[in-house]
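In case you want the letters, here they are:
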Amino acid sequence: MVSRAKSGIDLIRLAWPDVGAAEAEAVAEVLASGQLTMGPKVEEFERGLAAACGTEHAVVVSSGTAALHLAVLALGIGPGDEVLVPAYTFPATANVVALAGAKPVLVDVDPGTMNLDPAKLEAGPRTKAIIAVDLFGRPVRVEQLPNGLPVLEDAAGALGAKRRGRPCGSLGALACLSFHPRKIVTTGEGGAVTMDDDELADAIRRMRHHGIEPRGDFAIAHAGLNYRLSDILCAVGIPQLARLDELLETRTRLAAGYTERLGGIVEVPTADEGDVHGWQAYVIQVDGAAEKIAALRERGIEAQVGTYALHRLAAYRDQGEFPGASQVFDRAIALPFHTRLSSSDLDRVAEAVTELAG
Ligand SMILES: *Cc1c(COP(=O)(O)O)cnc(C)c1O
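One structure accompanies this document, and this report is about it. (Residues numbered from 1 in each chain as written. Predicted model: local features only at pLDDT ≥ 70, side-chain atom pairs only at ≥ 80, totals over all residues. Heavy atoms only, no water.)

Considering the packing of aromatic side chains
By convention here, two paired aromatic rings are described through the distance between centres and the angle between planes. Applying the stated rule across the entire model yields seven aromatic pairs. Here the aromatic cluster, defined as three or more aromatic residues joined through ring pairs, consists of Tyr258, Trp279, Tyr282 and Phe337. Sitting above the plane of the tryptophan 16 ring, arginine 13 keeps its charged end 4.2 Å from the centroid. (Phe/Tyr/Trp six-rings, centres within 6.5 Å; stacked < 30°, edge-to-face > 60°. Lys NZ or Arg CZ within 6 Å of the ring centre and 35° of its normal.)

Shown next, in the form of structure tokens:
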């Protein structure tokens, strides 16, 4: 199945979920079973995710944003509190803090890693937590974060990645995963919270299910939501999780293919020595990203911005200047990145980028 760009040439898509017959079969099995939610597929997917992240618990929810929201609430964050959040990230990272009634305090990022710059962290008396993002799958330098503040790891795009041998999803007190179609494992929409702590796991389970106590007798002591993930969607995720190593291998090979073609021409993404990058996206940096994205699209190459500079959004405009985040926002381009890319696709993208960068 080939899509065509306006110009009539084949479109190289930004993303293409790696799903097929195994997922369709698994969904059909759930539909035939008569149990569409809160059934065995939820538990099976959760066991697989906890194993992949090396945590005691994984609790699946309806999106990565729902996962972040419940994680913030489980840490007891509310009005009067502040949470340190990178200035360059997907807006959900800060939105959930604001919606919990607390203040997301932006921290500048290091343009080299695109992750928050530990040297720029300043905790105040109201600071309750840090949300550290493994942006685009690059593991955050978690050991450089200050001791004594709970770390909520936004590992939305980092399933399969590792920081010095430790799986992303296990680097903080709690971590969040996303199964949006641009992530390595997708359920269409979905997410999870991972953690070792039994009480935090119970709190997340309670809040995703109307406040009902896990293993309880339908007692509700605290308000909750419905953020559950159905068995239908868990069934889509299970076969992909089973081939996570293979998916990551393919993405690592494609990333190396881009780097081979583009290293020295533009700034290419890297990981620290000894780390495993999760390759949620392949994001280069070059001056004039906005015009170059438009020019790539003209050529049937579906390039996209990296992510958002939060201080440039009306919702978070009042916190001053963040030169690292501004620099990355102005220079970042996400190139098409998915397991269907051929080496001639990589050639075509790299040739276009090289010509535009020249
Ligand atoms: C994808 C993503 C999210 C949001 O996940 P959804 O499942 O789309 O709600 C949050 N943070 C980061 C860093 C992401 O990449």
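As for the pattern of salt bridges
Applying the stated criterion across every chain, the model contains 20 salt bridges. In this structure, arginine 164 engages glutamate 143 in a salt bridge whose closest nitrogen and oxygen atoms are separated by 3.6 Å. Of the two residues, arginine 164 sits in the loop between β7 (162-163) and β8 (166-167) while glutamate 143 sits in the loop between β5 (127-133) and β6 (151-154), which places them 21 residues apart along the sequence. Taken together, the shared-partner salt bridges in this structure form one network comprising Arg138, Arg141, Glu143, Arg163, Arg164, Asp272 and Asp275. (Salt bridge = Lys/Arg side-chain N within 4 Å of Asp/Glu carboxyl O. Helix = DSSP H or I, 4+ residues; strand = E, 2+ residues; numbered from the N terminus.)

Some words on the packing of helix α3 (residues 64-74) against helix α4 (residues 92-99)
Where α3 contacts α4, the axes come no closer than 9 Å and their chain directions differ by 45°. Accordingly, the angle class assigned to the pair α3 and α4 is oblique. Considering the relative orientation of α3 and α4, their crossing is right-handed. The segment α3 lies against α4, with Thr65, Leu68, His69 and Val72 engaging Ala92, Thr93, Val96 and Val97. The residue inventory of the contact of α3 with α4, partitioned by class, reads five nonpolar, three polar and no charged. (Axes fitted to C-alpha atoms, helices over the stretch in contact; angles between N-to-C directions. Parallel < 35°, antiparallel > 145°, perpendicular 65-115°, else oblique. Left-handed = near helix turned anticlockwise from the far one by under 90°. Contact = heavy atoms within 4.5 Å. Nonpolar A, V, L, I, M, F, W, Y, C, P; charged D, E, K, R; others polar.)

Concerning the sheet that holds β6
Across the sheet, which stays open at both edges, the seven strands sit in the order β1-β10-β9-β6-β5-β2-β4 with mixed pairing between neighbours. Looking at strand neighbours, the two that pair on one side only are β1 (57-61) and β4 (103-107), the edges of this open sheet. This sheet shows a mean twist of 25° between the axes of neighbouring strands, independent of strand direction. Strand contacts of helix α2 (residues 40-53): β1, β9 (174-178) and β10 (191-195), with the helix running at about 130° to β1, the strand carrying the most contacts. (Pairing = 2+ DSSP bridges.)

What to know about the nonpolar core
Ranked by internal contacts, the top residues of the largest apolar core, which has 49 residues, are Val72, Tyr88, Val97 and Met195. Of all the elements, α3 adds the most residues to this core, at seven residues. Residues in contact with valine 97, not counting those within four places in the same chain, are Val72, Val83, Val85, Ala102, Lys103, Pro104 and Ile131. Ranked by size, the runner-up nonpolar core spans 37 residues in total, among them Val42, Val151, Cys168 and Leu241. (Core = buried A, V, L, I, M, F, W, Y, C linked by side-chain atoms within 4.5 Å. Buried < 20%, exposed > 50% of the residue type's maximum accessible area, 1.4 Å probe, protein only.)

Digging into the pairing of β9
Taken across its five residues, β9 has five buried, putting it largely inside the fold. Of the two faces of β9, both are covered, the one formed by Leu174, Cys176 and Ser178 as well as the one formed by Ala175 and Leu177. Where β6 and β9 come together, three bridges link them in parallel fashion. Paired with leucine 152 across the bridge in β9 is leucine 174.

Some remarks on a negative patch on the surface
A cluster of like negative charges, contributed by Glu56, Asp196, Asp197, Asp198 and Glu199, occupies part of the molecular surface. Among the secondary structure elements, glutamate 56 is positioned in the loop between α2 and β1. (Patch = residues over 30% accessible without salt bridge, like charges linked within 9 Å, V, L, I, M, F, W, Y side chains within 5 Å. Areas by Shrake-Rupley, 256 points an atom, 1.4 Å probe, with all protein chains shown as cover. Lys, Arg positive; Asp, Glu negative; His and termini not counted. Charge placed at Lys NZ, Arg CZ, Asp CG, Glu CD.)

Comments concerning unusual backbone geometry
Although it is not a glycine, phenylalanine 218 sits at a positive phi angle of roughly 70°. Here phenylalanine 218 is to be found in the loop between α5 (198-208) and α6 (231-242). We classify phenylalanine 218 as exposed; its relative accessible area is 70%. Positive phi, close to 45°, is recorded for tryptophan 279, a residue that is not glycine. In this structure, tryptophan 279 sits in the loop between α7 (244-262) and β11 (282-285).

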